[in-house]
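A look at the structure
What follows is the residue order along each chain.
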Amino acid sequence: MIFRDNPVLLRELLVNLRSNRAFTLQLLYVTFLGIVVYFAWPSEGKLVSADLAQRLFNMFFLGQFFLVALVAPSFAAGSITGEKERKTYEMLLASPLRPSSILVGKLLSSLTYLVILIISSLPLVIICFLLGGILLSEIARAYLILILAAGTFGLLSLACSSYFSRTSSALVVSYLVILPVAVICVVLTQTKEVVLRDFVSIAVLPPWTLAVWAVVILLVNRRLLRPPDVGSEGKDVVDEEQEMKYAIGVVIDRDLFPDKLFAPAKRTDLMPDGTNPVLDKELRSEIFSQGTLMLRVVIQVSMLLSIPLMAALLFLKPENAAYYVSYVVTFNLLVGPVFSAGSITQERERQTLNLLLTTLLTPGKIVFAKLLAALRVSTVLTFLLTEQLLLAYLLIPELRDRAWTLLVFLAIIATTCLATSTIGLLCSSLSRKTSVAMVVTYMALLVLFVGPVGVRKYLEGFGEMSYSQIEALTITSPYSAAFSIPMLSSQLSTPTARDGSLISTEPTLVPGIGLPVWAVFLLLYPILAVLLYVATYLAFRIRWWKAGGTG
Amino acid sequence: MHRSRFTLAGLMGLVVAAAVGMAALSHPTELWFNGLFSLAIGLNFAAISLEARGRTASIGYSICGWAYIILNFGPWFNTNGVPHPITDNLMEWGYGVFDPDVGLDRFWFRSIAHSLFDIAAGLAGWLLAWGLSRKSHDAPGSTISTTGHS
């Protein structure tokens, strides 16, 4: 019953795998990988060394690993919350199915398509094997890690899905939990120490992964057996005081600093004249309407994770400050869309959008309030992680001498916050469902932020473009912007890092513009944000006109 | 039922404490040592004089804090043959992590690390005493209070 004739599994597989979307996505994926191999393939006058073949294989592995880390939560995090949102959760629990059958059905149905995608890349990886420099055992090891990662990330996302009532909350917490696990896994399995790499991949990861699976399965099983959230169907407003009674770890006190920056106290008096009511409601009530669990988990995980990162990237190796900024940017990439991508779609889902459109508020005022609220919450949460950066610049002499780089880093982080919020809001105005808006926002952000970094890595190894031309392709990525800032201590007479390695002193200028990547990034996004805001306004305005016409 | 809770400001305070410790260890100087050692001693004294709600816990902090100072900064500290605590091994490992090629001063590094370990030992004592007092307070029929008044 658990595997064979599992109705949950059968239903999900039939719905998901028979869709045109599944076929199209797989075709696009394999075509993309084929193009990557095609352009790296040796041709007349172009030879590929064993080292480059290894590099291509590593790119394949890393690309697929991050695909697993990104896609597994997007499939699994909505598997139980989706039932709650569709109001079928209680019916599912009331059916004669055992919790273990539901769990296995949901997990396998979420991961089957992902595993099919991974396996469909195998022929192309085998083609890379023909280039030499790669062992078959390496390919087997890589695929073992990918399958284990898919299972672990899927289970963790499923656990989050069982604990939260909204898909967006489950998705962001899943990403945040998976992020450190994925980074540790990549660092351990991609180390150049062959013995350590093989030992970790074969002797350490599988047993630990299975242990994690066992614990998570037990937890989710218990939660499905005795569900405390039955009756709410993911729609009820959580009582803040009641929730705080049972809260563990970080608690949010609206009267304290810095909590009140992102969650001002509830209004007990009348709004003063001229106040934007949408903004007031978004900030003072909306953020806590589904409880504070997601926010508290996000804050705790990100802050606790930032302490070892701060030690390793800012205090031990100050020249690696850009890596810490990348962590902050990644945090915003994950958290920013949660507050913006649901801004307008949630009004639709709650059927309050038409009500909002019939008020005296202008569309411009509504859209601006939505943007400002999302931007404020995501910026404050993201800037909590810049405390570490400020402390490092204050306490470390090498960084103190380059105070201007701190300002540029902070500007990059602020610009990223603006970008994630405006893109999320645009996707929200164009989508019907919050889950769709969130996935589209994440995809757009990945293409803009992470895509250029992957393209650069690929072109550096296999392309024939100059370094400055490659850099010009990365101007939309905050990661590239952060790494384009030269981190050289003025106290050092030679351009060397603390470990003696050479550091580039001259920033690469973008051809045709004559500015470094970070400067172009800082100029580009404010303009893009205005254009995206105008597009959001127009999309919302069209809906407003339609509402007026039908009324 | 008691629950372990802390505020966001408390979490940010933890980050500041970690940053100060890391900054001192990555650039060990006499000034850093003087500052951190004074802080460690000051906290030990402050814990004795604390007569607030967490009296039992502060006594735990003080006992563990002073015990660590006496064990590691006493006259027998540099005597050969005397067994050293496990924190010495941790310090050696930490010294390796902090990249000796940079030329860190081993003496000040060790002294700063001892000061930080003293604060950590005090906090461990604080937590232990707090946990024990809470347990006895929660026990049925118990009249022991964490406020120090029975």
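Residues numbered from 1 in each chain as written. Chains lettered and ligands numbered in written order. Predicted model: local features only at pLDDT ≥ 70, side-chain atom pairs only at ≥ 80, totals over all residues. Heavy atoms only, no water.

**Thoughts on the packing of aromatic side chains**
Residue and element names in this part refer to chain A. To keep it simple, the criterion reads: For Phe, Tyr and Trp, rings pair up if their centres lie within 6.5 Å, where Trp contributes its six-membered ring, and each pair is then called stacked (planes under 30 degrees apart), edge-to-face (over 60) or tilted (otherwise). The helix count covers DSSP runs of H or I at least four residues long, the strand count covers runs of E at least two residues long, and both are numbered beginning at the N terminus. Charge-over-ring placement is defined geometrically: NZ (Lys) or CZ (Arg) within 6 Å of the ring centre, and within 35 degrees of the ring normal.
Going through the model one piece at a time under the given rule, you end up with 18 aromatic pairs over all chains. Taking 5.9 Å as the distance between ring centres and 40 degrees as the angle between the ring planes, the aromatic pair formed by Phe61 and Phe65 counts as tilted. With Phe61 and Phe65 both in helix α3 (residues 50–76) and four residues apart, this pair spans about one turn of that helix. What links up through ring pairs into an aromatic cluster is the set Phe61, Phe65, Phe66 and Phe153. In this arrangement the basic side chain of Lys84 is found over the ring face of Tyr89, its NZ or CZ atom lying 5.1 Å from the centre. Across the ring face of Tyr163, the terminal group of Arg223 is positioned such that the distance to the ring centre comes to 4.2 Å.

**With respect to the pattern of salt bridges**
All names here are of chain A. Quick note on the threshold: Whenever Lys or Arg places a side-chain nitrogen within 4 Å of a carboxyl oxygen from Asp or Glu, that contact is recorded as a salt bridge. To sort residues, take the accessible area from a 1.4 Å probe on protein chains only and compare it with the maximum for the residue type: under 20% means buried, over 50% means exposed, and anything in between is partly exposed.
According to the stated counting rule, one finds six salt bridges over all chains in the structure shown. Its salt-bridge partner being Arg197, residue Glu138 comes within 3.9 Å of it at the nearest N-O pair. With Glu138 in helix α8 (residues 136–163) and Arg197 in helix α10 (residues 194–225), this pair connects stretches of sequence that are 59 residues apart. Residue Glu138 shares its accessibility class with Arg197, and that shared class is buried. Across the pair Lys370 and Glu347 runs a salt bridge whose closest N-O atoms are separated by 2.6 Å. Taken together, the residues span a long stretch of sequence, with Lys370 in helix α18 (residues 363–383) and Glu347 in helix α16 (residues 345–349) at a distance of 23 residues.

**Digging into the layout of surface pockets**
Where empty space is left in the structure can be found by rolling a water-sized probe over the atoms. Rules: Any residue with an atom within 4 Å of a point lines the site, the site being either a cavity, points on a 1 Å grid over the protein atoms alone where a 1.4 Å probe fits but cannot get out, or a pocket, an open set with protein on both sides within 12 Å along at least 5 of 7 lines. Grid points are joined across faces, edges and corners, and a volume is the space filled by probe spheres set on the points. Side-chain classes are defined by residue name, with Ala, Val, Leu, Ile, Met, Phe, Trp, Tyr, Cys and Pro counting as nonpolar, Asp, Glu, Lys and Arg as charged, and the others, Gly among them, as polar.
Space inside the second largest pocket adds up to approximately 1,300 Å³. Taken together, the elements giving at least two residues each to the lining of the second largest pocket come down to α14 (293–316) of chain A together with β1 (5–7), α1 (8–26), α2 (30–49), α4 (86–97) and α5 (106–138) of chain B. Among the residues forming the lining of the second largest pocket, the class breakdown is 31 nonpolar, five polar and two charged.

**Concerning the interface of chain A and chain B**
The test is simple: The contact criterion used throughout is that any non-hydrogen atoms of two residues lie within 4.5 Å. Put simply, buried area is the surface a 1.4 Å probe can reach on two separate parts but cannot reach once they are joined, added for both. Polar contact is the term for a pair of N or O atoms within 3.5 Å; when the atoms are in protein, one must be able to donate a hydrogen and the other to accept it, and sequence-neighboring residues count only if both atoms are side-chain atoms.
At the interface, 32 residues of chain A touch 24 residues of chain B. Summing the contributions of chain A and of chain B, the shared interface buries around 2,400 Å²; its carbon and sulfur component is 73%. The interface formed by chain A and chain B contains zero salt bridges. For the pair chain A and chain B, the interface holds two residue pairs in polar contact (both at pLDDT 80 or more). With nine residues, α14(A) is the largest single contributor of residues to the side of chain A that touches chain B.

**A closer look at the confidence of the model for chain B**
Residues and elements named next belong to chain B. Using the following cut-off: pLDDT is a residue-level measure of predictor confidence that goes from 0 to 100.
This prediction gives chain B a mean pLDDT of 79; 77% of its residues lie at or above 70. Within chain B, no element has a lower average pLDDT than α4, which sits at 78, and none a higher one than α1, at 91. Below pLDDT 50 for its whole length, residues 143–150 participates in 15 contacts with residues either more than four positions away or in separate chains. Of the two predicted TM-score estimates for the complex, the pTM is 0.83 and the ipTM is 0.80.

**Some thoughts on the nonpolar core**
Residues and elements named next belong to chain A. How we decide: Think of a nonpolar core as a cluster: buried Ala, Val, Leu, Ile, Met, Phe, Trp, Tyr and Cys residues, connected wherever their side-chain atoms sit within 4.5 Å.
Counting residues in each nonpolar core, the largest one holds 106 residues, and the members touching the most others are Phe262, Phe315, Tyr324, Phe339, Leu381, Leu389 and Phe409. Counting residues per element, this core draws most heavily on helix α15 (residues 321–340), which supplies 13 residues. Dropping the residues within four chain positions of it, Tyr324 is found in contact with Ser306, Leu309, Met310, Leu313, Leu314, Leu385, Gln388 and Leu389. The next biggest cluster of nonpolar side chains, apart from the first, holds 58 residues, and it includes Phe60, Ile102, Val200 and Val216.

**Some words on the side chain of B:Asp118**
All names here are of chain B. Put simply, the rule is: Here Asp and Glu are counted as negative and Lys and Arg as positive; His is not counted, and neither are the chain ends.
Considering the arrangement of structural elements, one finds Asp118 in helix α5. Nearest to the buried, unbridged Asp118 among oppositely charged side chains is Arg110, at 15 Å. Excluding residues within four positions of it along the chain, Asp118 makes contact with Ala40, Asn44, Gly65, Trp66, Tyr68 and Ile69.

**Overview of the packing of helix α7 (residues 122–129) of chain A against α8(A)**
Residue and element names in this part refer to chain A. Put simply, the rule is: Angles shown run from 0 to 180 degrees and are taken between the N-to-C directions of axes, each axis being a line fitted to C-alpha atoms and, for helices, limited to the stretch in contact. By the definition adopted for this analysis, an angle is roughly parallel if under 35 degrees, roughly antiparallel if over 145, roughly perpendicular if from 65 to 115, and oblique otherwise. Take the far helix as your reference; a near helix turned counterclockwise from it by less than a right angle gives a left-handed crossing, and one turned clockwise gives a right-handed crossing.
It is the contact of α7 with α8, at a shortest axis distance of 10 Å, that shows an interaxial angle of 155 degrees. With respect to each other, α7 and α8 are oriented roughly antiparallel. Pair α7 / α8 crosses with right-handed handedness. For the pair α7 and α8, the contacting residues are Leu122, Val125, Ile126 and Phe129 in the first and Leu136, Ile139 and Tyr143 in the second. Considering only residue class, the contact of α7 with α8 consists of seven nonpolar, no polar and no charged.

**A word on helix α2 (residues 20–40) of chain A**
Residue and element names in this part refer to chain A. Where we set the bar: The span expected for a helix works out to 1.5 Å for each residue beyond the first. The arc refers to the directions leading from the helix axis to the C-beta atoms.
Between its first and last C-alpha, α2 extends 31 Å over 21 residues, near the 30 Å set by a 1.5 Å rise per residue. Within the sequence span of α2, burial applies to Ala22, Tyr29, Leu33, Val36, Val37 and Ala40. Take α2 and look down its axis: the buried residues cluster within an arc of 95 degrees, on one side only. The outward face of α2, more than 90 degrees from its buried face, is lined by the exposed residues Asn20, Arg21, Phe23, Leu28 and Tyr38.

**A closer look at helix α4 (residues 78–85) of chain A**
All names here are of chain A. The buried count for α4 comes to seven of eight residues, which makes it a mostly enclosed element. Among all positions in α4, only Gly78, Ser79, Ile80, Thr81, Gly82, Glu83 and Lys84 are buried. A positive phi of about 65 degrees marks Lys87, the residue just after α4.

**Details of the packing of helix α13 (residues 277–284) of chain A against α18(A)**
Residues and elements named next belong to chain A. For the pair α13 and α18, interaxial distance at closest approach is 8 Å and the crossing angle is 30 degrees. When the axes of α13 and α18 are compared, the pair comes out roughly parallel. Taken as a pair, α13 and α18 cross one another with a handedness that is right-handed. Residue-level inspection shows Val278, Leu279, Lys281, Glu282 and Leu283 of α13 in contact with α18, the latter providing Ile366, Ala369, Lys370, Leu372, Ala373, Arg376 and Val377. Broken down by class, the residue content of the contact of α13 with α18 amounts to eight nonpolar, no polar and four charged.

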